[in-house]
Amino acid sequence: MALLQISEPGLSTAPHQHRLAVGIDLGTTNSLVATVRNGISVVLNDENGRAMLPSVVRYAPDESVTVGEAAQAVQSDDPVNTIVSVKRFMGRGLKDIGDISRLPYRFIDAPSTGSGQASGMLQLRTASGAKSPVEVSSEILKVLRARAEAALGGDLVGAVITVPAYFDDAQRQATKDAAKLAGLNVLRLLNEPTAAAIAYGLDNASEGVYAVYDLGGGTFDISILRLSRGVFEVLATNGDSALGGDDFDHRIQCWLLEKNGLSALGPRDTRLLLTHARAAKEQLTEHDETRITAVLSSGDVIDNVLTRAEFQSMSQNLVQRTLQSLRRALRDAKLGTADIKGVVMVGGATRMPQVQHAVGEFFGQVPLTNLDPDKVVALGAAIQANLLAGNRGGDEWLLLDVIPLSLGIETMGGLTEKIIPRNSTIPTARAQEFTTFRDGQTAMSIHVVQGERELVSDCRSLAKFELRGIPAMVAGAARIRVTFQVDADGLLNVSAREMGSGIEASIAVKPSYGLSDAEITRMLQDSTQHAQHDMLARALCEQQTEANQLLEAVQHALEQDGDLLEPGEREPIEARMAALRDTLQLADHLAIKRAAGALNDATAGFAQKRMDKSVARALTGKKISDLGGE
Amino acid sequence: MAITLTEKAAKHVRDFIAKRGKGVGLRIGVRTSGCSGMAYKLEFADAAESDDAQFVSHGVTVLVDPKSLAYIDGMELDYTREGLNEGFKFNNPNVKNQCGCGESFQV
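Residues numbered from 1 in each chain as written. Chains lettered and ligands numbered in written order. Predicted model: local features only at pLDDT ≥ 70, side-chain atom pairs only at ≥ 80, totals over all residues. Heavy atoms only, no water.

Caption draft 1: Molecular detail of the confidence of the model for chain A. On average, chain A scores 83 in pLDDT, and the residues at 70 or more come to 87%. Taken together, the stretch residues 393–401 of chain A has pLDDT below 50 and engages in 17 contacts with residues farther than four places along the chain or on a different chain. (pLDDT = per-residue confidence, 0-100. Contact = heavy atoms within 4.5 Å.)

Caption draft 2: Representation of the nonpolar core within the structure. All names here are of chain A. With 42 residues, the main nonpolar core has Y213, I224, V355 and F363 as its most contacted residues. It is helix α9 (residues 316–332) that provides the largest number of residues to this core, a total of six residues. Those residues in contact with Y213, other than ones at most four positions away along the chain, are F220, D221, I222, T322, L326, V344, M345, V346, T350, V355 and V359. Counting 38 residues, the second largest nonpolar core, distinct from the first, contains Y105, L141, L152 and A178. (Core = buried A, V, L, I, M, F, W, Y, C linked by side-chain atoms within 4.5 Å. Buried < 20%, exposed > 50% of the residue type's maximum accessible area, 1.4 Å probe, protein only. Helix = DSSP H or I, 4+ residues; strand = E, 2+ residues; numbered from the N terminus.)

Caption draft 3: Quick look at the pattern of salt bridges. All names here are of chain A. Taken as a whole and judged by the stated rule, the model has 32 salt bridges over all chains. Between K281 and D249 there is a salt bridge, with the nearest N and O atoms lying 3.0 Å from each other. Residue K281 is located in helix α7 (residues 267–286), and its partner D249 is located in helix α6 (residues 245–259); the two are separated by 32 residues in the primary sequence. Residue K281 shares its accessibility class with D249, and that shared class is buried. Put simply, D246, D249, R278 and K281 are held in one network by salt bridges that share partners. (Salt bridge = Lys/Arg side-chain N within 4 Å of Asp/Glu carboxyl O.)

Caption draft 4: Highlighting the packing of helix α13 (residues 531–561) of chain A against helix α14 (residues 570–585) of chain A. Residues and elements named next belong to chain A. Relative to each other, α13 and α14 sit at 155°, their axes nearing to 11 Å. Overall, the two elements α13 and α14 adopt an arrangement that is roughly antiparallel. You can see that α13 and α14 cross each other, and the crossing is left-handed. Along its contact with α13, which presents Q544, A547, N548, L550, L551, V554, Q555 and L558, the element α14 presents R570, I573, E574, M577, L580, R581 and L584. Here the contact of α13 with α14 is built from residues that sort into nine nonpolar, three polar and three charged. (Axes fitted to C-alpha atoms, helices over the stretch in contact; angles between N-to-C directions. Parallel < 35°, antiparallel > 145°, perpendicular 65-115°, else oblique. Left-handed = near helix turned anticlockwise from the far one by under 90°. Nonpolar A, V, L, I, M, F, W, Y, C, P; charged D, E, K, R; others polar.)

Structural data, given as structure tokens:
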């Protein structure tokens, strides 16, 4: 059976209506996907337990596509077809990129417009043909989508994807297009700093101005946000698109070269030293000193001890550069450091103590660092996605209207099927599929009811309408989708649509019309007081409905194929049909069930004969060879 | 009769409640809906209602409204992992029939 997660009070979803939504941090260097499970935002790992997917896509000559670690591993062997940092190209033309000679890719400029001016997005020529940045990004998103669907066990209703606050319309549109291409429904694009602030719950904090300091692998962004009435407004952004954790690694690498009197190394040794430099940097977050040992391809041995103080002094001007951006951002926002209520740290490079210390000193307050800085953007995006998908998490969220009583329709036997449960926030829309009850049924009556009770007669009737023109089919073959939609003003619109033919009918109702608070309270109390009675009533109705269906089916079979029965075989069946009809008058669901079971047993032989007959009919006139081909 | 949790399920519930930062326990119930009659409800509980039945299993308080208890009495809640997916699973002795996905059932 399906695995369940714990919901917030009053927010359980109905079966098959789970609204699986994820937040995606589509980063320059790494991408992540997160979701809200059991009320907590968590990042989803791949099957090897890794949360971060390197944003690297490789196109092989055989048209195969690899994404992530596998693509990263061959990056230096096949730089032309291995696209890294594609985010920098999103929604950009060649003229926007600057110095393309430093990049290994074969660019194709976008088709020019009539005026001869290059417009639109550049493309990359790969072994699998020309690819736009949108296509490349969609490959990353496809991997994350597959991971999320495997982890959550179902299709996603949508995703919130984060973008830098400075992204313009073209870059945002390109991100949306990439999501669409990956089969994701974008609930909303969310600014990365806003996502980080949401992850820290700042949207529930008191109003004020917050700073988000984001030092990633290769980019640095500072954003100044103002929170008012639950909405974040970006006041100013600044940053350096060529400054990140990689530059700190580079400083250590240069120091190693200098210490050992080495000059230019081959690509293999360069990579080796960079790997050691990165490890040393990470070590120095926890320790005061670290030892770096490596053997170069020349046979030279490197063995150095690096202290935190040395590392801090060699990387001091990198940190200073971020502080300059901070000053510019504050100036643009016309604010001073004293106006900043809180500082959020994002990006793996903010783990470095000298960064945290410098930022803390600059703002005169301790920055927020207790969430994983690599994951915080994805975590915030997941919280937003959960909210937008209708899985409201907690009452401290935006105050929204709720539906006071469940809305549903009448099904066979006078039972209520709830489609929108009470306390759903509005606006909302829910759909459920129903089918026909009788062979050749061409119309269906839709009775819209409101209330918590099991029986329609105990609920309030809101409206009735008919869906006509259903093509004649056997019972259960038609698929009729009934959609309940409640708009922000509380107006209910019910529509029914036969999925095969597309015929449709609908009605508009105002659900809360005429119900006072006292009436709503009474209807709720009734539903708990009558629990046991309702349970029996439901069981009885279900059995009666099933029994009627069985009687009808047997009657139909007798009329059609009664001649298959030997003398004396028909009577026991008819006797048990009569017995079942009699028990239907009694309000005893167990008796009905027993009688229906008895009729079922009695017709077993008859059913076998009918089956044999139809098989024989299907095989008549066919050669053995025709049958063997299947 | 009672509602019980396996030790593993209880541990996860305790962790989730601790991370959530509030809640008196777990609310388990059923609702009428779904493809096969009834569907389970599994929620955090912030407060007990006056008519709730209360059970304590491995240190976790389980609240059940009287309307639901008839359908799920004697049930055990377990926590399992299936591939990348993990979550709670109900072992309900009252179930006679369930739909293919197991999310709804009949008694």
